[in-house]
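Spelled out from the first residue to the last, the chains are:
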Amino acid sequence: MVAKVQTLAPSETPSRPPSQPQTQAQAQAQSQVEAQAQPQVEAQAQPQVQVQAQPPSSVSASGTHDVTNQPPPLAPYDASDDVALLEGLRREGAGWAEPDVRRIGLLAGGVQAQEWGELANRHEPVLRTHDRYGHRVDEVDFHPSWHELMRVAVAEGLAGAPWADDRPGAHVARTAGGLAWGHTDAGHGCPTSMTYAAVPALRRQPELAAVYEPLLTGREYDPGLRVPTTKRGLLAGMGMTEKQGGSDVRTNTTAATPTAEPGVYTLRGHKWFTSAPMCDVFLVLAQAPGGLSCFLVPRVLPDGTRNTFRVQRLKDKLGNRSNASAEPEFDGTVAWLVGPEGQGVKTIIEMVNCTRLDCVMMSATLMRKTFVEAGHHVRHRSAFGARLLDQPLMRNVLADLALESEAATTLTLRLAGAADRAVRADDGHGAEQAFRRIATAVGKYWVTKRGPAFTAEALECLGGNGYVEDSGMPRHYREAPLLSIWEGSGNVNALDVLRALTREPATADALFGELALAQGADARLDAAVSRLRVRLGEATPSGARRLVEQMALTLQASLLVRHAPPAVADAFCATRLGGDWGYAFGTLPDAADVDGILERSLPATD
């Protein structure tokens, strides 16, 4: 049997409204079509492939044995089937969005969407610096599955849409949608996050916001480089770091030279790590005569000509392979000033708050996704005479992972609620703004730090099967470290917490005000709060990580004590605060209510 391999252009990808999910049979058929989609160069090199009939699922290909004791495929499943997620959604003021989140969850766990995530990572972006005639184009080609993921994400309001939504809780709804839709692929969450974060920064220049914000907050994905104002929707990227400085952006050397037109400059220099280079506009930091400043750089200028944006190469990254990360160079690149000259860092502060929240959200999503995968495996796999899920030590491991996952999800949604209330000025005396400032940096440090260890343990629950690419677990494991690096590595975030405590005393008051809401509910929590007060007065740069870790665990414990069942709250306080724990997951004390924890956390995947 011979099958032709065909290539689908973005405009040719199958399209359907997200609100009309396909049947499983349709989804499987669609997956077969997408699995055939290859870059054109491959199609030319290998015009035909041999397709052999698959053997029955219960018999090996060689016929030497029956295939038994292997789990069935997880998909289709409901990625929103998470009690902590749905409770947090309602608690933080976005219960009205629950039907949408549930619909997104069903779509994310569907066979088709899971296949999109796999294909987008298997067929990585390809850089084209020149066209066939030698003209510089600097374009990146993505697999059709990437465009499908982006289409759904933008349509479901996971990019800039909350800024155009007056309903209280809109930012919480977006975060909850991301916690569910992120079960597909992490890479495409980068351009949606940057687009979301660019809007508040762009508002520092109202005349630019008036032009671009309606398109950045829209729900239509319109790929391809064209004049931004002629498109149905826009995506925004960021170009902040350079070779010599990384997170120390004040060392940037890219120069911005004023032109005769007010507010318009030309840039000359480079950027070291600019993801999603096919975005329509970029926020860029450069040195203007008045100091480090923020600029808007469109890929295509208003007259239709290409702005100079020379992509030197794409990064060969550990993970996040579906997403392209580039090294662009600017030479006479036209840019518009955003905010006053010399206030570039101040201009992007709100943007950083948004992207840090998304780092926490994406780490929590990875935890939940890999926990679901592990739980599904142990439900359907037996060893040494018993189902893995019924074996006490495996149940301990899963329950420990469940605690970590719920704490991460609960904190994520609390941060999203603070962001929603702060940006709407629905904040009383500004306590939510101060809480958001400190708690987002604390959460960014701790939750993203827990991601790699968590995903490794979840992978191990699958044994050797989890170490094989087909399982999807290696992809998740490679993704996990990125979120601790993006928007400032661990040291940067820990030191930022110290900076906030020193320069903005209201942040400490807001944190302890939050912790006080659980006062008296658990003696171990009360003791941890007392220790934290002492440690805050003794804070030093060399001890920043230890301090922030304690802040994060105490904050997570306070949220669980207030909002989670006793089984979850007690086990978390006993282990993370009380010290009755080992150095690896799966070391819960015998007194922990493992059954209660797992009954709450394991989704109904059967």
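Here goes a summary of the coordinates provided. Remember, it's a predicted structure, so these values are computed and weren't measured experimentally. (Residues numbered from 1 in each chain as written. Predicted model: local features only at pLDDT ≥ 70, side-chain atom pairs only at ≥ 80, totals over all residues. Heavy atoms only, no water.)

1. Thoughts on unusual backbone geometry
Trans peptide bonds make up the majority, and among non-glycine residues the majority have a negative phi. Rules: Helix numbers and strand numbers start at the N terminus; a helix is a DSSP run of H or I with at least 4 residues, a strand a run of E with at least 2. Residue burial is assigned from relative accessible area. The probe radius is 1.4 Å, only protein chains are included, and a residue is buried under 20% of its type maximum, exposed over 50%, and partly exposed in between.
P76 follows A75 through a cis peptide bond whose omega is 5°. Tracing the backbone through its elements, the reader meets P76 in the loop between strand 2 (48-50) and helix 3 (83-91). Even without glycine at this site, N69 takes up a positive phi of about 60°. Tracing the sequence through the fold places N69 in the loop between strand 2 and helix 3. Unusually for a residue other than glycine, A276 sits at a positive phi of about 50°. Note that A276 resides in the loop between strand 8 (274-275) and strand 9 (281-288). By relative accessible area, A276 is classed as buried at 5%.

2. Some remarks on the packing of helix 12 (residues 431-461) against helix 18 (residues 544-563)
The condition is simple: Working convention: axes come from line fits to C-alpha atoms, limited for helices to the stretch in contact. Angles between N-to-C directions cover 0 to 180 degrees. Any angle from 65 to 115 degrees is called roughly perpendicular, while one under 35 is roughly parallel, one over 145 is roughly antiparallel, and all others are oblique. Residues are treated as being in contact if the distance between any of their heavy atoms lies within 4.5 Å.
Running from N to C, helix 12 and helix 18 point in directions that differ by 100°, and their axes come no closer than 9 Å. In terms of orientation, helix 12 and helix 18 fall into the roughly perpendicular class. Mapping the contact onto sequence places F435, I438, A439, V442, Y445, W446, V447 and K449 in helix 12 and R545, V548, E549, M551, A552, L553, L555 and Q556 in helix 18.

3. Structural notes on helix 11 (residues 392-423)
To keep it simple, the criterion reads: The span expected for a helix works out to 1.5 Å for each residue beyond the first.
An ideal rise of 1.5 Å per residue puts 46 Å on 32 residues; helix 11 measures up with 47 Å between its terminal C-alpha atoms. Once helix 11 ends, the next one or two residues include A425, with phi positive near 60°.

4. A short note on the pattern of salt bridges
Spelled out, the test is: One speaks of a salt bridge when a side-chain nitrogen belonging to Lys or Arg is within 4 Å of a carboxyl oxygen belonging to Asp or Glu.
This structure, assessed with the given rule, holds 47 salt bridges. Across the salt bridge formed by R414 and E432, the nearest N and O atoms sit 2.8 Å from each other. Linking R414 in helix 11 with E432 in helix 12, this pair joins segments that are 18 residues apart in sequence. A salt bridge links R437 to E504; the shortest N-O distance between them is 3.2 Å. With R437 in helix 12 and E504 in the loop between helix 15 (490-503) and helix 16 (506-516), this residue pair connects regions lying 67 residues apart in the sequence. Among the residues examined, E504 registers a relative accessible area of 34% and is labelled partly exposed. Each member of the salt-bridge network shares a partner with another, and the members are E92, R414, R421, E432, E514 and R562.

5. Quick word on helix 18
The end-to-end C-alpha distance of helix 18 is 28 Å, a good match for the 28 Å that 20 residues give at a rise of 1.5 Å each. Among the 20 residues in helix 18, 15 count as buried, and that is most of the element.

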